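Here is what each chain is made of, one letter per residue.
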Amino acid sequence: MARTIVITGASGGIGRGLALEYAEAGTVLALTGRDEERLQAVAEACRSRGAVVQTGALDVRDTEALVDWLQAIDARHPVDLAIANAGVVSGAGPAHGSEPLATALRVIDVNLKGAIATVSALADRMRARRSGHLAVMSSLAGLATQPDLPSYSAGKAGLISYGAALRIRLRPHGVAVTVICPGYIESPMLQRQRSPKPFAWPAEKAARHIRRGLDRRRRMIAFPWQLMLGIRLLPLAPPFLHDWIMAGFAAEIVPDAEGIRERGTEPESLHPPSGMS
Ligand SMILES: NC(=O)c1ccc[n+]([C@@H]2O[C@H](COP(=O)([O-])OP(=O)(O)OC[C@H]3O[C@@H](n4cnc5c(N)ncnc54)[C@H](OP(=O)(O)O)[C@@H]3O)[C@@H](O)[C@H]2O)c1
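First, a word on what this report is: a plain description of the structure on this page. (Residues numbered from 1 in each chain as written. Predicted model: local features only at pLDDT ≥ 70, side-chain atom pairs only at ≥ 80, totals over all residues.)

## Thoughts on the packing of helix α4 (residues 101-129) against helix α5 (residues 150-170)
Piece 1. At a minimum axis distance of 8 Å, the contact between α4 and α5 shows a crossing angle of 15 degrees. When the axes of α4 and α5 are compared, the pair comes out roughly parallel. Seen from above, α4 lies across α5 with right-handed handedness. Two secondary-structure elements touch here, α4 through Ala104, Val107, Ile108, Asn111, Leu112, Ala115, Ile116, Val119, Ala123 and Arg127 and α5 through Pro150, Ser151, Tyr152, Gly155, Lys156, Gly158, Leu159, Tyr162, Leu166 and Leu170.
Piece 2. Looking at the contact of α4 with α5, its residues break down into 14 nonpolar, four polar and two charged. (Axes fitted to C-alpha atoms, helices over the stretch in contact; angles between N-to-C directions. Helix = DSSP H or I, 4+ residues; strand = E, 2+ residues; numbered from the N terminus. Parallel < 35°, antiparallel > 145°, perpendicular 65-115°, else oblique. Left-handed = near helix turned anticlockwise from the far one by under 90°. Contact = placed C-beta atoms within 7 Å. Nonpolar A, V, L, I, M, F, W, Y, C, P; charged D, E, K, R; others polar.)

The structure is reproduced here in structure tokens:
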């Protein structure tokens, strides 16, 4: 019997890597992203590996369209695994000053609310048939707050919390939930981040690692181990040392197209002239 896997944000980066990793005969892949052209290119590459592929060019902020699409897929091909991966990054940086409010709210809309909408569309259906697996793409930034990525870190921390709650609630009903927390993964998103990127992994390696963890139905997949070890030791550090270490992770995020527009529309009152407090 075919295995059905949903991956949001499959048009690039880690999502593309995951789609290709799972693309094989006997698999139905349901892939989303906003960029139709890049999404179709990934779909074609997956078909050439033997998978049956359905695509939906969707914005995860359009909750109604997203839920309708996911439930229509589920009605035709009951979903075995859904990975809520779509996400954006934004933040402050030495050259850009503070994160615009509109951008901060967008990051929460896409990364937190979009992922919650994705898994919510399928959770009760999986629960009713007592099978299925939901995964949310958080980040190590959700475990150790990145000083220059405030809304990104907050959204990813929220996903860790949401995923843990869902996991405990759904496990007795035969549904597994996994929270994925990658470190630095080479992708279009990471290219916009100017910062040290210790232990960065290629997206393909990350996808293979994530698949292994999902196959074992692990509760959390956090990697690489070197950064995870540091995160585990961090709470032992006194506050001044904690802040000094985290300041070493300062980052500058080059705004995406929406971010550039949002910077232009930021109300003046949010940025008083220098010298005013
Ligand atoms: N790269 C890293 O170092 C890293 C580390 C930890 C966690 N993560 C997380 O991993 C996930 C994938 O990141 P990535 O590095 O692969 O980034 P990426 O290369 O920028 O890919 C992001 C994907 O999300 C989709 N997406 C973005 N906004 C969307 C929206 N509003 N609606 C629907 N789809 C949307 C993009 O599709 P379109 O471009 O077609 O819209 C793209 O397919 C994200 O959740 C990210 O936070 C990344």
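## Overview of the nonpolar core
The nonpolar side chains of a soluble globular protein tend to be buried with one another.
Piece 1. Formed by 73 residues in total, the largest nonpolar core has its most connected members in Ala19, Leu29 and Leu31.
Piece 2. Those residues within four positions of Leu31 in sequence are excluded, and the remaining contacts are Ile7, Ala10, Ala19, Leu39, Val42, Ala43, Val53 and Thr55. (Core = buried A, V, L, I, M, F, W, Y, C linked by C-beta atoms within 7 Å. Buried ≥ 20, exposed ≤ 12 C-beta atoms within 10 Å, placed from the backbone.)

## A closer look at the pairing of strand β5 (residues 133-137)
Piece 1. Burial analysis of β5 places five of its five residues in the buried class, the great majority of the element.
Piece 2. Residues His133, Ala135 and Met137 line one face of β5 and the alternating positions Leu134 and Val136 line the opposite face, and both faces are buried.
Piece 3. Pairing of strand β4 (residues 81-84) with β5, which is carried by four bridges, proceeds in the parallel orientation. Each bridged residue has a counterpart across the sheet, and for Ile83 the counterpart in β5 is Ala135.
Piece 4. Pairing geometry for β5 and strand β6 (residues 176-182), over five bridges, is parallel. Looking at β6, one finds that His133 is bridged to Ala176. (Pairing = 2+ DSSP bridges.)

## Considerations on the site of the ligand
Piece 1. Taken together, 29 residues form the shell around the ligand, and within it Gly9, Gly13, Arg34, Gly87 and Met189 come nearest.
Piece 2. Those elements that provide at least two residues to the shell around the ligand are α1 (13-22), α4 and α6 (188-191).
Piece 3. Here the residues of the shell around the ligand sort into 13 nonpolar, eleven polar and five charged. (Near = placed C-beta within 6 Å.)

## A few points about the sheet that holds strand β3 (residues 52-57)
Piece 1. Spatially, β3-β2-β1-β4-β5-β6-β10 is the arrangement adopted by the seven strands of the open sheet, whose pairing is parallel. This sheet does not close on itself; its edge strands, each paired only once, are β3 and β10 (220-223). The mean angle between the axes of side-by-side strands here comes to 15 degrees, regardless of whether they run parallel or antiparallel.
Piece 2. One ladder, built from six bridges, connects strand β2 (residues 27-33) with β3; its direction is parallel. Looking at β3, one finds that Leu31 is bridged to Thr55.

## Observations regarding unusual backbone geometry
Piece 1. The linkage connecting Phe223 with the following residue, Pro224, adopts the cis geometry, with an omega of -5 degrees.
Piece 2. In this structure, Pro224 sits in the loop between β10 and α8 (225-233).
Piece 3. One non-glycine residue, Phe199, adopts positive backbone phi at about 55 degrees.
Piece 4. Structurally, the position occupied by Phe199 is in the loop between β8 (193-194) and β9 (201-202).
Piece 5. A tally of 12 C-beta atoms within 10 Å means that Phe199 is categorised as exposed.
Piece 6. For Arg217, which is not a glycine, the phi torsion comes out positive at approximately 55 degrees.
Piece 7. By secondary structure assignment, the location of Arg217 is in the loop between α7 (203-215) and β10.
Piece 8. Judged by the 12 C-beta atoms lying within 10 Å of it, Arg217 falls in the exposed class.

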